[in-house]
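What follows is each chain in one-letter form.
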Amino acid sequence: MTTLTLESMRADVARLLHESPADILDDDNLMDIGLDSMRLMKLASLWREAGAQVEFADLALEATLAQWWALVSRTATPTPASHP
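Residues numbered from 1 in each chain as written. Predicted model: local features only at pLDDT ≥ 70, side-chain atom pairs only at ≥ 80, totals over all residues. Heavy atoms only, no water.

(A) Inspection of the overall build of the chain at higher detail. Tallying secondary structure elements over the chain gives four helices and zero strands in all. What you see in the chain, going N to C, is helices and strands ordered as α-α-α-α. Here the chain, with 84 residues, has 32% of them falling under the buried criterion. Accessible surface, the chain as shown: approximately 5,300 Å² in total, 56% of it carbon and sulfur. (Helix = DSSP H or I, 4+ residues; strand = E, 2+ residues; numbered from the N terminus. Buried < 20%, exposed > 50% of the residue type's maximum accessible area, 1.4 Å probe, protein only. Areas by Shrake-Rupley, 256 points an atom, 1.4 Å probe, with all protein chains shown as cover.)

(B) Quick look at unusual backbone geometry. Unlike most non-glycine residues, H18 shows phi in positive territory, near 55°. Along the chain, H18 turns up in the loop between α1 (6–17) and α2 (37–49). Using a relative accessible area of 69% as the deciding quantity, one classes H18 as exposed.

(C) Structural view of the packing of aromatic side chains. Scanning the model with the defined rule gives one aromatic pair in all. For the ring pair W47 and W68, a centre distance of 5.6 Å and an interplane angle of 65° mean the geometry is edge-to-face. Here W47 is found in helix α2, whereas its partner W68 is found in helix α4 (residues 65–75), with 21 residues between them in sequence. Taken as a pair, W47 and W68 share a single burial class, namely buried. (Phe/Tyr/Trp six-rings, centres within 6.5 Å; stacked < 30°, edge-to-face > 60°.)

(D) Here's a closer look at the nonpolar core. One finds V13, L30, W47, L59, L65 and W68 to be the most contacted residues of the largest nonpolar core, which totals 23 residues. No other element matches the six residues that α1 contributes to this core. Once you skip the residues sitting within four places of it in the chain, L59 turns out to touch L40, A44, W47, V54, W68 and L71. (Core = buried A, V, L, I, M, F, W, Y, C linked by side-chain atoms within 4.5 Å. Contact = heavy atoms within 4.5 Å.)

(E) Structural context of the pattern of salt bridges. Under the defined criterion, the tally for this structure stands at four salt bridges. Close ionic contact of R15 with D12 constitutes a salt bridge, the shortest N to O distance being 2.6 Å. With a gap of three residues between them, R15 and D12 both fall in helix α1, about one helical turn apart. Among the residues examined, D12 registers a relative accessible area of 11% and is labelled buried. (Salt bridge = Lys/Arg side-chain N within 4 Å of Asp/Glu carboxyl O.)

Here is the structure:
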(Lines give C-alpha, C1' and ligand atoms only; values in the text may rest on other atoms or scores of the structure.)
Protein backbone atom coordinates (compact mmCIF):
# COMPACT_ATOMS: atom_id res chain seq x y z
CA MET A 1 0.00 0.00 0.00
CA THR A 2 1.29 3.43 -0.93
CA THR A 3 1.55 6.06 1.79
CA LEU A 4 -0.64 9.00 0.94
CA THR A 5 0.87 12.44 1.51
CA LEU A 6 -0.13 15.94 0.54
CA GLU A 7 2.63 15.91 -2.07
CA SER A 8 1.56 12.55 -3.53
CA MET A 9 -2.00 13.86 -3.76
CA ARG A 10 -0.70 16.99 -5.50
CA ALA A 11 1.25 14.82 -7.95
CA ASP A 12 -1.86 12.71 -8.68
CA VAL A 13 -3.94 15.80 -9.40
CA ALA A 14 -1.20 17.34 -11.54
CA ARG A 15 -0.83 14.15 -13.56
CA LEU A 16 -4.56 14.06 -14.35
CA LEU A 17 -4.56 17.74 -15.30
CA HIS A 18 -1.32 17.47 -17.31
CA GLU A 19 0.24 20.16 -15.14
CA SER A 20 3.38 20.46 -13.07
CA PRO A 21 2.82 19.68 -9.37
CA ALA A 22 4.43 23.06 -8.61
CA ASP A 23 1.52 24.73 -10.42
CA ILE A 24 -1.11 23.12 -8.15
CA LEU A 25 -1.44 25.23 -5.00
CA ASP A 26 -3.05 24.05 -1.76
CA ASP A 27 -5.96 26.50 -2.00
CA ASP A 28 -6.59 26.36 -5.76
CA ASN A 29 -10.15 25.44 -6.66
CA LEU A 30 -9.27 22.39 -8.71
CA MET A 31 -12.57 22.44 -10.61
CA ASP A 32 -11.69 25.93 -11.82
CA ILE A 33 -8.39 24.69 -13.25
CA GLY A 34 -9.84 21.73 -15.15
CA LEU A 35 -10.64 18.89 -12.76
CA ASP A 36 -13.95 17.29 -13.72
CA SER A 37 -16.17 14.75 -11.98
CA MET A 38 -14.73 11.75 -13.86
CA ARG A 39 -11.18 12.64 -12.82
CA LEU A 40 -12.36 13.32 -9.27
CA MET A 41 -13.90 9.83 -9.13
CA LYS A 42 -10.59 8.40 -10.32
CA LEU A 43 -8.72 10.28 -7.57
CA ALA A 44 -11.15 9.11 -4.89
CA SER A 45 -10.71 5.51 -6.02
CA LEU A 46 -6.94 5.80 -6.19
CA TRP A 47 -6.72 7.32 -2.73
CA ARG A 48 -9.07 4.70 -1.23
CA GLU A 49 -6.73 2.04 -2.63
CA ALA A 50 -3.92 3.84 -0.78
CA GLY A 51 -5.90 3.59 2.47
CA ALA A 52 -7.73 6.92 2.65
CA GLN A 53 -11.34 6.87 3.78
CA VAL A 54 -12.66 9.33 1.21
CA GLU A 55 -15.73 9.44 -0.95
CA PHE A 56 -16.41 11.35 -4.14
CA ALA A 57 -19.10 13.46 -2.46
CA ASP A 58 -16.72 14.53 0.33
CA LEU A 59 -14.07 15.59 -2.17
CA ALA A 60 -16.59 17.41 -4.36
CA LEU A 61 -17.79 19.62 -1.49
CA GLU A 62 -14.63 21.72 -1.48
CA ALA A 63 -12.21 20.90 -4.26
CA THR A 64 -8.90 22.11 -2.86
CA LEU A 65 -5.84 20.13 -1.86
CA ALA A 66 -5.85 21.79 1.56
CA GLN A 67 -9.39 20.60 2.25
CA TRP A 68 -8.71 17.12 0.87
CA TRP A 69 -5.58 16.75 2.96
CA ALA A 70 -7.51 17.82 6.07
CA LEU A 71 -10.12 15.17 5.28
CA VAL A 72 -7.54 12.46 4.63
CA SER A 73 -5.62 13.38 7.78
CA ARG A 74 -8.77 13.19 9.94
CA THR A 75 -9.82 9.82 8.57
CA ALA A 76 -6.42 8.15 8.27
CA THR A 77 -6.13 4.74 9.84
CA PRO A 78 -3.18 4.74 12.23
CA THR A 79 -0.48 2.27 11.36
CA PRO A 80 0.55 -0.12 14.12
CA ALA A 81 3.87 0.60 15.80
CA SER A 82 6.63 -1.74 14.72
CA HIS A 83 8.40 -3.78 17.34
CA PRO A 84 12.19 -4.21 17.20
